[in-house]
Amino acid sequence: MTGLLVSLPCVATAASITTEASGICDIQLAGVIESGDAAKLEQSIAGLAVKDQNILCLDSPGGSLKAATDMASLVHEKGIGTHVGAGASCESSCSIVYFMGTRITGSSKSISRRLAPGGRIGIHAPSLQVDPEADFKGRTVSRAFDLALQAAGMVTTLGQKTDAKSGDNWIPVDVVNHLLTTPFTEMFHVSETGAAQDWNIDVANLEWPAEMSNAYVWNMCNFGVRERMGWSHTIATKDFDGFRSELGTEPVGLGLRHLVGQGNTGVSERFNAVSGYRAGSLRFGCVIDVAFSVVERADYTVSACVTAVGDATVPQRIVCDNPNDRVVIGTSLAGFAPDVALDDLDVAAAEMRQSGMPSR
């Protein structure tokens, strides 16, 4: 189709796809995505060694929408995780490939996508690239429009696939909305922890803290409430900004702490926390259980049981016995407020370490 192309606009060099392992990257894609790149990616995947998880690292301004959706389908089918490193960007059609990052465990598929602080994920709608010197017939333009609709349908279909563990859509509805409505002359960037939390984006090199500060536990409770109630951060955060200003030693209480086992002694901690979120006149509280190895300070198992509590801001003993009210907190990002900039996580982590622990 000379002079007319349905794509996500960009200006850069053509993509290169290599399998020279570097760091966590098993495959690296850099440059503009073009027709035929899906076949190149499939060939590269076929040559990978079998391992628990192969990772595709992305650094692309986008390009052909059809090629990107084909690559996204391939990444999902083959169980390839995606990663955008510090200083790299994945924008326009590249973001579709990124969001379809997948891990296969047995017969189950789960979302597997990671972003390093300093990396960029950019989302906007496709455009119709037209050669101003070309003279198009009506059926040519109509065909291009049909291709655009087909590509949009493919994105929607990909996005509706669900994670085996959480049941979440692979491409969140908010992301699909940005892919369809953000003007192609603009760009929506994933820049705050709230979007990463809501959209199942793991932040690279972010570990559980050695000490659970008041602020960290309180944010985990807020995260648990959002997960339990099915709220997004954009809906939930508007109601607790005032309560956040009260944060000190009061909103969190330590309910239980004990050592278990011998040798590599494990620790179980139980925190009571009053959330900043409300639903009408109801305020929510959490019973948060944290278990970890003392020796390695790793392999954290964290969950929150969410329940309605009274208006008191100082928790005594919150009772939450219904197993249906318990949610697993699988990301250390849950301990950060949703409006923290991803690029400022190191600073935010240092601040939370200084905010103190509940008295033991």
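Nothing here was measured: the structure is a model prediction, and the numbers come from that model.

Participant: Please give an account of the environment of Trp208 that cites residues and values.
Facilitator: Position of Trp208 among the secondary structure elements: in the loop between β13 (202–203) and α7 (214–229). Accessibility expressed as a relative area gives 18% for Trp208, which makes it buried. With residues near it in sequence (within four places) discarded, Trp208 still touches Tyr216, Met220, Tyr300, Val302, Ile329, Gly330, Thr331 and Ser332.

Participant: Talk me through the pairing of strand β17 (residues 301–309); I want residue IDs and the actual numbers.
Facilitator: Direction of pairing for strand β16 (residues 282–293) relative to β17: antiparallel, over a ladder of nine bridges. Of the residues in β17, the one forming a bridge with Val287 is Cys305. Of the strand pairs in this sheet, β17 and strand β18 (residues 326–328) are connected by three bridges, and their pairing is antiparallel. Within β18, the residue paired with Ser303 across the bridge is Val328.

Participant: I'd like to hear about the state of the cysteines, residue by residue, with values.
Facilitator: Evaluation of the coordinates by the stated rule reveals four disulfides. Across a sulfur-sulfur distance of 2.1 Å, Cys90 and Cys94 are joined as a disulfide pair. Across the disulfide from Cys90 to Cys94, rotation about the S-S bond amounts to roughly -110 degrees, and the bridge is consequently left-handed. The residues Cys90 and Cys94 share a single accessibility class, namely buried. At a sulfur-sulfur separation of 2.0 Å, the disulfide partner of Cys305 is Cys320. Because the sign of the S-S torsion sets the handedness, a value of about -70 degrees for the bond joining Cys305 and Cys320 places this disulfide among the left-handed ones. Taken together, the residues Cys305 in strand β17 and Cys320 in the loop between β17 and β18 connect sequence positions 15 residues apart. The two residues Cys305 and Cys320 agree in class, both being buried.

Participant: Before we move on, could you go through the sheet that holds strand β10 (residues 120–123) and cite the residues and values that matter?
Facilitator: What the three strands build is an open sheet, ordered β6-β10-β12; its pairing is mixed. Two strands close off the open sheet at either side, each with one partner strand: β6 (89–91) and β12 (188–189). Judged from the two bridges that link them, β10 and β12 form a sheet pairing that is antiparallel. Bridging from a neighbouring strand, Ile123 pairs with Phe188 of β12.

Participant: Account for helix α1 (residues 37–46), naming residues and giving values.
Facilitator: Taken together, the buried positions of α1 are Asp37, Ala38, Leu41, Ser44 and Ile45. Down the axis of α1, the buried side of the element spans an arc of 120 degrees, and every buried residue falls inside it. Relative to its buried face, α1 has exposed residues pointing more than 90 degrees away, namely Ala39, Gln43 and Ala46. Here the buried face of α1 lies against β2 (16–18), β3 (27–30), β4 (54–59), α2 (65–78) and β5 (80–84).

Participant: Could you give an account of the nonpolar core, with specific residues and numbers?
Facilitator: Met220 and Ile288 are the most contacted members of the largest nonpolar core, which totals 79 residues. Setting aside anything within four residues of it in sequence, one finds Ile288 in contact with Val217, Met220, Cys221, Glu269, Arg270, Phe271, Val302, Ser303 and Ala304.

Participant: Now, about the sheet that holds β5: what can you tell me, with residues and values included?
Facilitator: Pairing is mixed across the open sheet formed by six strands, whose spatial order is β2-β3-β4-β5-β9-β13. In this open sheet, the two edge strands, each paired with only one partner strand, are β2 and β13. Note: β4 against β5, four bridges, orientation parallel. Paired with Ile55 across the strands is Gly81, a residue of β5. The strands that α1 touches are β2, β3, β4 and β5; relative to β2, the one it contacts most, it runs at about 10 degrees. With respect to the sheet, α2 is in contact with β2, β3, β4 and β5, its orientation differing from that of β5 by roughly 125 degrees.

Participant: Provide a residue-level description of the pattern of salt bridges, including the pertinent values.
Facilitator: Counted according to the given criterion, the structure contains nine salt bridges. Notably, a salt bridge pairs Asp343 with Arg120, separated by 2.9 Å at the nearest N-O pair. Within this pair, whereas Asp343 is found in the loop between β18 and α10 (345–353), its partner Arg120 is found in strand β10, the two being separated by 223 residues in sequence. Judged by its relative accessible area of 41%, Asp343 is partly exposed. In this structure, Asp289 engages Arg326 in a salt bridge whose closest nitrogen and oxygen atoms are separated by 3.2 Å. Here Asp289, found in strand β16, pairs with Arg326, found in strand β18; they are 37 residues apart in sequence, far enough to count as distant.

The rules behind each value
- Residues numbered from 1 in each chain as written.
- Predicted model: local features only at pLDDT ≥ 70, side-chain atom pairs only at ≥ 80, totals over all residues.
- Heavy atoms only, no water.
- Helix = DSSP H or I, 4+ residues; strand = E, 2+ residues; numbered from the N terminus.
- Buried < 20%, exposed > 50% of the residue type's maximum accessible area, 1.4 Å probe, protein only.
- Contact = heavy atoms within 4.5 Å.
- Pairing = 2+ DSSP bridges.
- Disulfide = S-S within 2.5 Å.
- Arc of directions from axis to C-beta.
- Core = buried A, V, L, I, M, F, W, Y, C linked by side-chain atoms within 4.5 Å.
- Axes fitted to C-alpha atoms, helices over the stretch in contact; angles between N-to-C directions.
- Salt bridge = Lys/Arg side-chain N within 4 Å of Asp/Glu carboxyl O.

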